[in-house]
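Residue-level listing of the chains:
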Amino acid sequence: MSQMRKDIFTDRWVIVADGDGLQPTDFHFKKFAKETGFCPFCESNEAATPPEVFVIRNPDSSPNGPGWSVRVVPNSRPRLRVEGPLGRRAEALHDLMNGVGAHEIIAETPRHDRSLHELEIEEISNVIRAYIARILDLEGDQHVRYVLIFKNHGEGAGAHTISHSISQLVALPVTPRAVKTKLMIARDYFALKERCIYCDVLQQELKGRKRLIGENDDFVAFAPFASRFPFEMAVLPKFHSSAFSRIGATQIENLARILRNLLQKLDQTIGGPPYNLSLHDRPVLRPRGNYLNTIEEDFHWHIEILPQMFRVTGFEWASGFFYNPVSPELAARHLSLGLPV
Ligand SMILES: [Zn+2]
Ligand SMILES: [Zn+2]
């Protein structure tokens, strides 16, 4: 019989299939086929994008020219713009504000024929350094309340207009609802138990091991108890930390290592499905009310990797429930990295 499982971090219910019915080969999805036309994110095409706002490049190279490892540019068709006032107002009962914020593209490699999991550890570390540098910079903008970083890999995950390996950053003037829900639940758990809910769950997963996928000195990856998607993965620092941007040099390298191993496993064992990767970080800390008072102790940043092997349907949209045909325990067996990575 299937099970209904409640996600402890979001209070969301998921219907999880039982048993070992499905295998990775039962899913049919389109592998990422890269377009080969002109690409503004390839090396030597730098003039086709707005000027870089962050870059890690060879010291002999010139800004906005070739010779870089990771390059961040504003999106030329942004969802939000940095300039101008917020202009909070009402339209009848609805709240409205100007689309103030930032939308940036992080080109993870100068090469068009490489995906994130095919890069060297040092190159992936540079991508993480770019995320950190942009978060620290945008935190200084008084309008920015939340910096969202995500990645769409493959057409089925939304990467149909750009096939170069990129991540995206959207700086928002509000904290997204999905994040707020997690913050509230973590805060309430802390108020009750004086412990971080994420630290508690990760200790359990490390002890129980049936949903454990891999670990190294600083990070652990597991299939969440109430996974919404087949082969969903969560990556958490083993040490308690509310802010992604505060990680140190060795931790950056260990994060690059575990991410590369997980994404390679997804490619090799599951057949390279489309996926979305997103960073769940704390919001920018500014005094507002007191709901963030204990955030440094109660929230624990993490990364979600969500393979997209079928479309979300009317059932999911209408009910808010997800149906996952592959149990996380089975997913962890397929994805397991074996020895510490
Ligand atoms: Zn390209
Ligand atoms: Zn914690």
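Refer to the structure printed above.
Below, the structure is looked at part by part. Here the structure is a predicted model, which means the values were calculated and not measured.

A look at the coordination of the zinc ion (ligand 1)
Turning to step 1, where the next piece is worked out: Bound to the zinc ion (ligand 1) on the protein side are C39 (SG), C42 (SG), H112 (ND1) and H164 (ND1), at distances that span 2.0 to 2.3 Å.
Turning to step 2, where the next piece is worked out: In primary-sequence terms, the residues that donate to the zinc ion (ligand 1) follow C-x2-C-x69-H-x51-H. Pair noted here: C42 is in the loop between β2 (13–16) and β3 (54–57) and H164 is in the loop between β8 (146–153) and β9 (166–172), with a separation of 122 residues, a long-range link. Residue C42 shares its accessibility class with H164, and that shared class is buried.

A short note on the side chain of N126
Turning to step 1, where the next piece is worked out: Relative to the assigned elements, N126 resides in helix α1 (residues 121–138).
Turning to step 2, where the next piece is worked out: Classification of N126 by relative accessible area gives buried; the value is 8%.
Turning to step 3, where the next piece is worked out: Setting aside residues no more than four positions away along its own chain, N126 makes contact with I56, S69 and V70.

Some words on the environment of I15
Turning to step 1, where the next piece is worked out: In this structure, I15 sits in strand β2.
Turning to step 2, where the next piece is worked out: Those residues in contact with I15 that lie beyond four places of it in its chain are S2, Q3, M4, F315, F321, F322, Y323 and N324.

What to know about the nonpolar core
Turning to step 1, where the next piece is worked out: Core analysis: the biggest nonpolar cluster contains 53 residues, and V235, F244, L255 and I305 have the highest contact counts within it.
Turning to step 2, where the next piece is worked out: Filtering out sequence-adjacent residues up to four positions away, I305 remains in contact with F231, E232, M233, V235, L259, L262, L263, L266, Y275, N276 and L277.
Turning to step 3, where the next piece is worked out: In terms of nonpolar packing, the next biggest core, distinct from the first, is built from 22 residues, F9, Y198, V201 and L212 among them.

Considerations on the sheet that holds strand β14 (residues 302–307)
Turning to step 1, where the next piece is worked out: Pairing is antiparallel across the open sheet formed by 10 strands, whose spatial order is β3-β4-β7-β9-β8-β13-β14-β12-β11-β10. Two strands bound the open sheet, and with one partner strand each, they are β3 and β10 (212–215). The sheet shows a mean angle of 20° between the axes of neighbouring strands, taken without regard to direction.
Turning to step 2, where the next piece is worked out: Summarising the sheet, β3 and strand β4 (residues 68–74) pair through 4 bridges and their orientation is antiparallel. When the sheet's bridge partners are listed, F54 is paired in β4 with V72.

Points about the coordination of the zinc ion (ligand 2)
Geometry sets the ideal angles at a metal, namely 109.5 degrees for four tetrahedral donors and 90 or 180 degrees for six octahedral donors.
Turning to step 1, where the next piece is worked out: At this site the zinc ion (ligand 2) is bound by C196 (SG), C199 (SG), H240 (ND1) and H300 (ND1), with donor distances of 2.1 to 2.3 Å.
Turning to step 2, where the next piece is worked out: Around the zinc ion (ligand 2) sit 4 donor atoms; with metal-centred angles ranging over 106 to 112°, the donor geometry is tetrahedral.
Turning to step 3, where the next piece is worked out: In primary-sequence terms, the residues that donate to the zinc ion (ligand 2) follow C-x2-C-x40-H-x59-H. Here H300 lies in the loop between α5 (295–298) and β14 and C199 lies in helix α3 (residues 197–208), a separation of 101 residues in the sequence. Like H300, C199 is buried.

Looking at the layout of surface pockets
Over the atoms, a rolling probe the size of a water molecule traces out where space has been left empty.
Turning to step 1, where the next piece is worked out: Roughly 1,200 Å³ of volume is contained in the largest pocket.
Turning to step 2, where the next piece is worked out: Of all the elements in the fold, those that place two or more residues in the lining of the largest pocket are β8, α2 (177–193), β13 (275–280), β14 and α6 (314–319).
Turning to step 3, where the next piece is worked out: In this structure, the second largest pocket occupies an estimated 550 Å³ of space.
Turning to step 4, where the next piece is worked out: As for the second largest pocket, its lining consists of 29 residues, and the residues nearest its centre are F41, R77, I105, T161 and I162.
Turning to step 5, where the next piece is worked out: Taken together, the elements giving at least two residues each to the lining of the second largest pocket come down to β4, β7 (102–107), β8 and β9.
Turning to step 6, where the next piece is worked out: Residues of the lining of the second largest pocket, tallied by class, amount to 12 nonpolar, 13 polar and 4 charged.

Calculation notes
- Residues numbered from 1 in each chain as written.
- Chains lettered and ligands numbered in written order.
- Predicted model: local features only at pLDDT ≥ 70, side-chain atom pairs only at ≥ 80, totals over all residues.
- Heavy atoms only, no water.
- Donors = N, O, S within 2.8 Å, 3.2 Å for Na, K, Ca; no water.
- Helix = DSSP H or I, 4+ residues; strand = E, 2+ residues; numbered from the N terminus.
- Buried < 20%, exposed > 50% of the residue type's maximum accessible area, 1.4 Å probe, protein only.
- Contact = heavy atoms within 4.5 Å.
- Core = buried A, V, L, I, M, F, W, Y, C linked by side-chain atoms within 4.5 Å.
- Pairing = 2+ DSSP bridges.
- Axes fitted to C-alpha atoms, helices over the stretch in contact; angles between N-to-C directions.
- Tetrahedral: all angles 85-135°; square planar, octahedral: opposite > 155°, others 65-115°.
- 1 Å grid on protein atoms, 1.4 Å probe; cavity = no way out; pocket = protein on both sides within 12 Å on 5 of 7 lines; lining within 4 Å.
- Points joined across faces, edges and corners; volume = space filled by probe spheres on them.
- Nonpolar A, V, L, I, M, F, W, Y, C, P; charged D, E, K, R; others polar.

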